[in-house]
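# What the coordinates show
Each chain is listed here by its residues.
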Amino acid sequence: MIDFEPWDRLLRQYVDQQGRVDYVAWKKEQPQAIADWLSSEKNLPLKSNSNNLEQLALWINLYNAFTISTILERYPIESIRPRILGIPNWLAFLWFFQRRAYSIFGESYSLAEIENSILPDKLQEPRIHFAIVCASVGCPLLRSGAYFPELVSQQLDEDARRFINNPEKVRYDMESKTLYCNKILKWYRQDFLKVAPSIPEYIRSYLKTDYPLNASTRISYFHYDWSLNQRIS
């Protein structure tokens, strides 16, 4: 199994409690640390007999490490969605997720493959969408520490609660009876509906405040902020 302690130490050093990444310090002090760690582990065999908790911790950590490593290579950047003459460059944006640029276990993977095939197909765990990060402000907050098999279920529960109780991600307006949601709950709707009858009911199960949410609750989606999630040290 991959040793996640080096990744854990880096996250504790460069990610604050609000999930913001200090790319300036990270790039200045340890720009190759993630790449070196991944390189030292990349020829390990993929354990065929590992359980779901081991698989969850493994692929969430790898997804986030691959993402942050790519940002550090390109930093400074303002967004993972580049622009040309003020117009979003969607081809470059898609390439960020679709390119099979990440080598581990003797294979090459893309971020899209991990997010859309490996994690949901193998593990049927919608809470991953509150844990894997694309490095933008709109995505889930990066945890300031790694995921570990013995803790991952509890960690994912914490991630879901942190996301859903953050008014910048999910907010219910009592006056208009409208549930405002981050678009992750729209894009991955089918994953959430595998474990709940509706999106409002899924959200209600994690909210600290017991709002009258049900399948007929009106939903509106926030604008998704693709700017880089960073902290200036």
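What you are looking at is a predicted structure, and each value in this text was computed from that prediction instead of being measured.

### Digging into the sheet that holds strand S5 (residues 170-173)
The strands that make up a sheet are held in pairs by hydrogen bonds between backbone atoms, and each pair lies either parallel or antiparallel. The strand order S5-S6-S7 describes an open sheet built from three strands, whose pairing is mixed. Since the sheet does not close on itself, it has two edges, and those belong to S5 and strand S7 (218-221), each with one partner. The sheet shows a mean angle of 25° between the axes of neighbouring strands, direction not considered. Bridge count between strand S6 (residues 178-181) and S7: four bridges; the pairing is parallel. The residue of S7 that forms the bridge with Leu 179 is Ile 219.

### A closer look at the packing of aromatic side chains
The final tally for this structure, using the stated rule, is 21 aromatic pairs. Taking 6.4 Å as the distance between ring centres and 40° as the angle between the ring planes, the aromatic pair formed by Trp 7 and Trp 26 counts as tilted. Here the residue Trp 7 occupies a position in helix H1 (residues 5-14), and Trp 26 occupies one in helix H2 (residues 23-29), the gap between them amounting to 19 residues. Comparing Trp 7 with Trp 26 shows no difference in burial state: the two are buried.

### Overview of the pattern of salt bridges
In this structure the tally under the stated criterion is 13 salt bridges. Across the pair Asp 22 and Arg 231 runs a salt bridge, and its minimum N-O distance is 3.9 Å. Here Asp 22 is found in the loop between H1 and H2, whereas its partner Arg 231 is found in the segment after S7, with 209 residues between them in sequence. Across the pair Arg 204 and Asp 210 runs a salt bridge whose closest N-O atoms are separated by 2.8 Å.

### Here we look at the domain arrangement of the protein chain
Partitioning the protein chain into structural domains gives domain 1 (4-148) and domain 2 (164-221). Distance between the C-alpha centres of domain 1 and domain 2: 26 Å. For the pair domain 1 and domain 2, the summed buried surface comes to about 980 Å²; carbon and sulfur atoms form 59% of the total. Taken as a group, Pro 126, His 129 and Phe 130 account for 51% of the area that domain 1 buries against domain 2, more than any other trio of residues on that side. Along the contact surface separating domain 1 from domain 2 lie six residue pairs in polar contact (both at pLDDT 80 or more). Across the side of domain 1 that touches domain 2, the residue classes tally to six nonpolar, four polar and two charged.

### Overview of unusual backbone geometry
The residue after Tyr 75, namely Pro 76, is reached through a cis peptide bond having omega 10°. Mapped onto the elements of the fold, Pro 76 is located in the loop between helix H4 (52-74) and strand S1 (83-84). Even without a glycine there, the phi angle at Phe 105 is positive, about 60°. As for its position among the elements, Phe 105 is in the loop between strand S3 (102-104) and strand S4 (107-109). For Phe 105, a relative accessible area of 13% puts it in the buried group. One non-glycine residue, Ala 135, lies in the positive phi region at around 75°. Relative to the elements of secondary structure, Ala 135 occurs in the loop between helix H6 (111-123) and helix H7 (152-164).

Rules and cut-offs
- Residues numbered from 1 in each chain as written.
- Predicted model: local features only at pLDDT ≥ 70, side-chain atom pairs only at ≥ 80, totals over all residues.
- Heavy atoms only, no water.
- Pairing = 2+ DSSP bridges.
- Helix = DSSP H or I, 4+ residues; strand = E, 2+ residues; numbered from the N terminus.
- Axes fitted to C-alpha atoms, helices over the stretch in contact; angles between N-to-C directions.
- Phe/Tyr/Trp six-rings, centres within 6.5 Å; stacked < 30°, edge-to-face > 60°.
- Buried < 20%, exposed > 50% of the residue type's maximum accessible area, 1.4 Å probe, protein only.
- Salt bridge = Lys/Arg side-chain N within 4 Å of Asp/Glu carboxyl O.
- Domains from an automatic or database assignment.
- Buried area = accessible area lost by both parts, 1.4 Å probe.
- Polar contact = N/O pair within 3.5 Å; in protein donor to acceptor, adjacent residues only side chain to side chain.
- Nonpolar A, V, L, I, M, F, W, Y, C, P; charged D, E, K, R; others polar.

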